[in-house]
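Per-entry structural report
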Amino acid sequence: MNKALGETQWVIPDGYIPSESSGELVSHESICVLNTSVEDAELSITIYFEDRNPISDIRYVVPARRTKHIRTSSLEKNSEFIPVGVPYAILVESSIPIVVQYSRLDSTQAENALMSTMAYPCK
C-alpha cells in the first residue's frame with residue numbers, strides 16, 4: 001500500500017504519567033503512529049497542561065511505511081519534559097495523513113492495567 005491513510009491532526013485529551021510504579025514494569029504512555037505512505041511523516045507534537053504554557057513543536061519523524069511507538073516521557077523540547085503526576089493533553093500534527101493510537105500502562109498497583117484507544121482525528 002502506498003496511500004497515506006488517516007488524518008493530519010489528532011488529539012489525545014487525557015494524558016497522565018503516574019509518579020509511582022510497582023513491580024518490574026514502569027508506568028508509561030505511548031503515542032502509537034502508523035505511516036502507510038511512501039513518504040516520511042514529519043510530526044509536530046504539542047503538549048497542553050492545566051496550569052502552564054504548552055510545550056510546543058516537539059519534532060519527530062515516522063519513516064515511510066513504518067510504525068513508531070513514542071513514549072510520552074521521552075518527548076522533550078529545550079530540556080523541558082512532561083512531568084510525572086500531572087494531567088496533560090496531546091496534539092499531533094503531521095505533514096501527511098497518519099493513524100494515531102494512544103496506549104497507557106498503569107503499574108501503580110500489583111494488578112497492572114493496560115488501556116489503548118484511538119486518538120481523535122481532526123479534519
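In this report, the structure presented in the accompanying data block is examined. Predicted, not measured: the structure shown is a model, and the values here were computed from it.

Observations concerning the overall build of the protein
Across its full length, the protein carries zero helices and ten strands. For the protein, the α and β elements follow one another from N to C terminus as β-β-β-β-β-β-β-β-β-β. By residue count, 38% of the 123 residues in the protein fall in the buried class. Relative to all contacts within the protein whose residues are 6 or more apart in sequence, the contacts with residues 24 or more apart total 71%. Carbon and sulfur atoms make up 49% of the accessible area of the protein, which totals about 7100 Å².

Topic: the pattern of salt bridges
The final tally for this structure, using the stated rule, is three salt bridges. The partner of Asp-51 in a salt bridge is Arg-52, and the shortest N-O contact between them spans 3.3 Å. Under the relative-accessibility criterion, Asp-51 is labelled exposed at 59%. Measuring nitrogen to oxygen at the nearest pair gives 3.9 Å for the salt bridge that ties Lys-77 to Asp-57. In this pair, Lys-77 sits in strand E6 (residues 76-77) while Asp-57 sits in strand E4 (residues 55-62), placing the two residues 20 residues apart along the sequence. When its relative accessible area of 29% is taken as the criterion, Asp-57 is described as partly exposed. Taken together, the shared-partner salt bridges in this structure form one network comprising Asp-57, Arg-59 and Lys-77.

So, the environment of Arg-66
Tracing the sequence through the fold places Arg-66 in strand E5 (residues 66-71). The residues touching Arg-66, leaving out its near neighbours within four places in the chain, are Val-33, Leu-34 and Asn-35.

What counts, and where the lines are drawn
The residue numbering used here restarts from 1 in each chain and proceeds along that chain's sequence as written. Only residues with pLDDT of at least 70 are given local features in this predicted model, and only at 80 or more are side-chain atom pairs given and counted; all residues enter the totals for whole chains, interfaces and linings. For the side-chain quantities, the full set of heavy atoms in the structure was used; hydrogens and water were omitted. Here a strand is any run of E in DSSP of at least two residues, a helix any run of H or I of at least four, and the numbering for each starts at the N terminus. Burial classes: relative accessible area under 20% of the type maximum marks a residue as buried, over 50% as exposed, and values in between as partly exposed (1.4 Å probe, protein chains only). Contacts were defined at the residue level, with two residues in contact if any of their heavy atoms lie within 4.5 Å. Here the open area of atoms and residues is found with the Shrake-Rupley method and a 1.4 Å probe, where only the protein chains shown may cover a residue. Basic side-chain nitrogens of Lys or Arg form a salt bridge, by our definition, when they fall within 4 Å of a carboxyl oxygen of Asp or Glu.

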